[in-house]
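Residues per chain are reported as follows:
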Amino acid sequence: MNWSDEEFGFETRAIHAGQETDPGTGAIITPLYLTSTYAHSSPGVHKGFEYSRSHNPTRKAYEACVANLEGARFGFAFASGCIGATTAVAMLEQGDHVVCCDDMYGGTYRLFEQVFRKQGIDFCYVDLTGANMLEAAMKPNTRMVWLESPTNPLMKLLDIAALASVAHDRGVMVMVDNTFMSPFYQRPIELGADMVLHSTTKYINGHSDLIGGLVVTDDEEIANQLGFLSNTMGGIQSTFDAFLCLRSLKTLAIRMRAHERNAFSVARFLEGHDKVANVLYPGLESHPQYALAKAQMSGFGGMIAFTIKGGLPAARRMLETVNVFTLAESLGGVESLIEHPAIMTHSSLPEEKRLSLGIDDGLIRLSVGIESEADLLRDLDQALAAA
Ligand SMILES: *Cc1c(COP(=O)(O)O)cnc(C)c1O
């Protein structure tokens, strides 16, 4: 069945797209096909599956479901967000240039600078909050634009539609890392992106029990290349983890709504607290790009960054005092996490670059989970009191 977004809502598609009742048994859940190979009835004659690096029925259902939710036709599931990014950049050749947003996931920055630069691919990092900045940064050899919106950890927004149009005028592909919003709140393909990347480790799986990545595209030519590279490089998602992600997708919508409801309460609470200097949440009217947030996304998600007064000593005391929030890296799971970007997630950035971006020692990042709202507020209140 074709679960088109014209006919069916997001929640319905998240539960059914790519999945069929098992014809042999009637099982309503796509089975976990733990097999590496498939029988041929005659050499070259088979049921569409030959070897699980190339295709696996469980992974295929999961890829089809995420692609559907992103409004695209093709999806490729990988063992991590990083190997998904690696596989996408492997489409490029020596001498190619990529324009990236400046405030991006540290692991992607490390991949580009410490691996791909040695292979002869050139990268530049630009503040793309104005589309004219992209125009100025593109060179004759630019082949890809790499965007993240909102950015991590500063929650800057990029105008995906405007940037995609500038890139496409020069025939340049656009990749959007949509990890922070999930397809429930933002669909970059509909805004003109050619590819979307997810670290499914975060909201798509949402239960902090696996590492995974996914790339979707609606472009057949790009899909052919990604399919070839995925099969050739072999960075595929394991069948078991694909099964868990497919299971998690069924509750993506209700989880995202719950994350957002709690995040709104936390953001308003922090904004009113006298030990907090500044709160960055795209759903607050005080966010510098609130108008773009409302236009580009259908919601604001569960990620918040804020600056505590008193710098590192105050931040450290707060982070040591939380009880319901856990002091840990990562994000997007049902449990609330708190972390210190300068020391934890963004420590791989050179200090000068980190400070110029605005990631200072008082900056704290929250991934607001779906626990009871009152418990989260009480926990932050007592931890801020201790700071
Ligand atoms: C975590 C993350 C990644 C990397 O994904 P892994 O699954 O950890 O390999 C990429 N982009 C963003 C925005 C992330 O948060």
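Residues numbered from 1 in each chain as written. Predicted model: local features only at pLDDT ≥ 70, side-chain atom pairs only at ≥ 80, totals over all residues. Heavy atoms only, no water.

**So, the overall build of the chain**
As a reminder of what qualifies: The way it works is that DSSP assigns letters per residue, a run of H or I at least four long becomes a helix, a run of E at least two long becomes a strand, and they are numbered from the N terminus. Here the globule rule reads 2.2 Å times residues to the power 0.38, and the radius of gyration is calculated from C-alpha atoms. Partly exposed residues are those whose accessible area sits between 20% and 50% of the maximum for their type, while under 20% is buried and over 50% is exposed, using a 1.4 Å probe and protein chains only.
Within the chain one finds 14 helices and twelve strands. On C-alpha atoms alone, the chain measures out to a radius of gyration of 21 Å, which is about the 21 Å that the 2.2 N^0.38 rule sets for 387 residues. Dimensions along the principal axes, computed over C-alpha positions, put the chain at roughly 75 × 50 × 35 Å. Counting all 387 residues of the chain, 56% fall into the buried class.

**Structural notes on the domain arrangement of the chain**
Test applied: For the purposes of this description, domain bounds are those given by an automatic or database domain assignment. Buried area: the accessible surface (1.4 Å probe) lost by two parts on joining, summed over both. Between Lys or Arg on one side and Asp or Glu on the other, a salt bridge is scored when a side-chain nitrogen of the former is within 4 Å of a carboxyl oxygen of the latter. Two N or O atoms count as a polar contact when they lie within 3.5 Å, although within protein this holds only if one can serve as hydrogen donor and the other as acceptor, and sequence-adjacent residues are included solely when both atoms are side-chain atoms.
Domains assigned within the chain are domain 1 (10-249) and domain 2 (253-386). If you average the C-alpha positions of domain 1 and of domain 2, the two centres end up 26 Å apart. Among the residues domain 1 hides against domain 2, the three largest losses belong to Leu157, Tyr185 and Tyr203. Together they make up 26% of the total. Across the contact surface, domain 1 and domain 2 share one salt bridge. Between Arg257 and Glu11 there is a salt bridge whose closest N-O contact spans 2.3 Å. Here domain 1 is connected to domain 2 by 16 residue pairs in polar contact (both at pLDDT 80 or more). Broken down by secondary-structure element, the contributors of at least two residues to the side of domain 1 that touches domain 2 are α1 (10-16), α4 (106-116), α6 (160-169), α7 (182-185) and α9 (239-249). The element best represented in the side of domain 1 that touches domain 2 is α7, accounting for three residues.

**Concerning the site of the ligand**
Worth spelling out the cut-off: If a single non-hydrogen atom of a residue is within 4 Å of a molecule or strand, that residue counts as near it. Throughout, the Shrake-Rupley method with a 1.4 Å probe supplies accessible areas, and for residues the shown protein chains are the sole cover considered. Each residue gets one label: Ala, Val, Leu, Ile, Met, Phe, Trp, Tyr, Cys and Pro are nonpolar, Asp, Glu, Lys and Arg are charged, and the others, such as Gly, are polar.
Close to the ligand lie 13 residues, the nearest being Cys82, Asp177, Ser199, Thr201 and Lys202. Asp177 is positioned such that a nitrogen or oxygen atom in its side chain is 2.6 Å from a nitrogen atom of the ligand. In this structure, an oxygen atom belonging to the ligand sits 2.8 Å away from a side-chain N or O atom of Ser199. In the complex, 93% of the free accessible area of the ligand, which totals 380 Å², lies under the protein chains. Classifying every residue of the shell around the ligand by side-chain character gives four nonpolar, six polar and three charged.

**Some words on the nonpolar core**
Note the threshold: Nine residue types can take part in a nonpolar core, namely buried Ala, Val, Leu, Ile, Met, Phe, Trp, Tyr and Cys, and a core is a set of them joined through side-chain atoms within 4.5 Å.
Tyr62, Trp146, Met195, Ile304, Met318 and Leu366 are the most contacted members of the largest nonpolar core, which has 123 residues in total. Ranked by the residues each element gives to this core, the list is headed by helix α10 (residues 252-271), at eight residues. If you count residues domain by domain, this core takes at least three from each of domain 1 (10-249) and domain 2 (253-386).

**A short note on the sheet that holds strand β7 (residues 213-217)**
Applicable threshold: Any two strands with at least two DSSP-identified bridges between them are counted as paired. Throughout, an axis means a line fitted to C-alpha atoms (over the contacting stretch in the case of helices), and angles, computed between N-to-C directions, take values from 0 to 180 degrees. Any two residues whose heavy atoms approach within 4.5 Å are treated as being in contact.
Spatially, the seven strands line up as an open sheet ordered β1-β7-β6-β5-β4-β2-β3, and their pairing is mixed. Looking along the sheet, the strands with just one partner apiece sit at the ends: β1 (74-78) and β3 (122-126). Looking at each pair of strands side by side, their axes are set apart by 20° on average, direction ignored. Direction of pairing for strand β2 (residues 97-101) relative to strand β4 (residues 142-148): parallel, over a ladder of four bridges. If you follow Val99 over to β4, its bridge partner there is Val145. Here helix α3 (residues 81-89) sits on the sheet in contact with β1, β3, β4, β5 (173-177), β6 (195-199) and β7, set at roughly 155° to β6.

**Considering the pattern of salt bridges**
Applying the stated criterion across every chain, the model contains 13 salt bridges. Residue Arg59 pairs with Glu63 through a salt bridge whose shortest N-O separation is 3.5 Å. On the criterion of helical spacing, the pair formed by Arg59 and Glu63 is a turn pair, its members being four residues apart in helix α2 (residues 57-69). Neither Arg59 nor Glu63 differs from the other in exposure class; each is buried. Across the pair Arg378 and Asp375 runs a salt bridge, and its minimum N-O distance is 2.4 Å. Here the residue Arg378 and the residue Asp375 both occupy positions in helix α14 (residues 373-386), the gap between them amounting to three residues, near one helical turn. Exposure remark for Asp375: the relative accessible area of 28% places this residue in the partly exposed category. Three or more residues are tied together by salt bridges with common partners; here these are Glu113, Arg117, Asp122 and Lys139.

**Re the sheet that holds strand β8 (residues 276-280)**
Strands sit in the order β8-β9-β12-β11-β10 across an open sheet of five strands; the sheet is mixed. What marks the edges here is a single partner per strand, and that holds for β8 and β10 (326-327). Direction of pairing for β10 relative to strand β11 (residues 337-339): parallel, over a ladder of two bridges. By the bridge assignment, Thr326 is partnered in β11 with Leu337. Packing against the sheet, helix α12 (residues 311-321) makes contact with β9 (303-308), β10, β11 and β12 (363-367), and its axis sits at approximately 130° to β9.

**A few points about the environment of Glu113**
Take Glu113: it is sitting in helix α4. Judged by relative accessible area, which is 23%, Glu113 ranks as partly exposed. With 79 residues separating them in the primary sequence, Glu113 and Gly192 have C-alpha atoms 27 Å apart. Residue contacts for Glu113: discarding those within four places in its chain leaves Phe123 and Tyr125. Of note is the side chain of Glu113, whose polar atom sits 2.9 Å from the side chain of Arg117.

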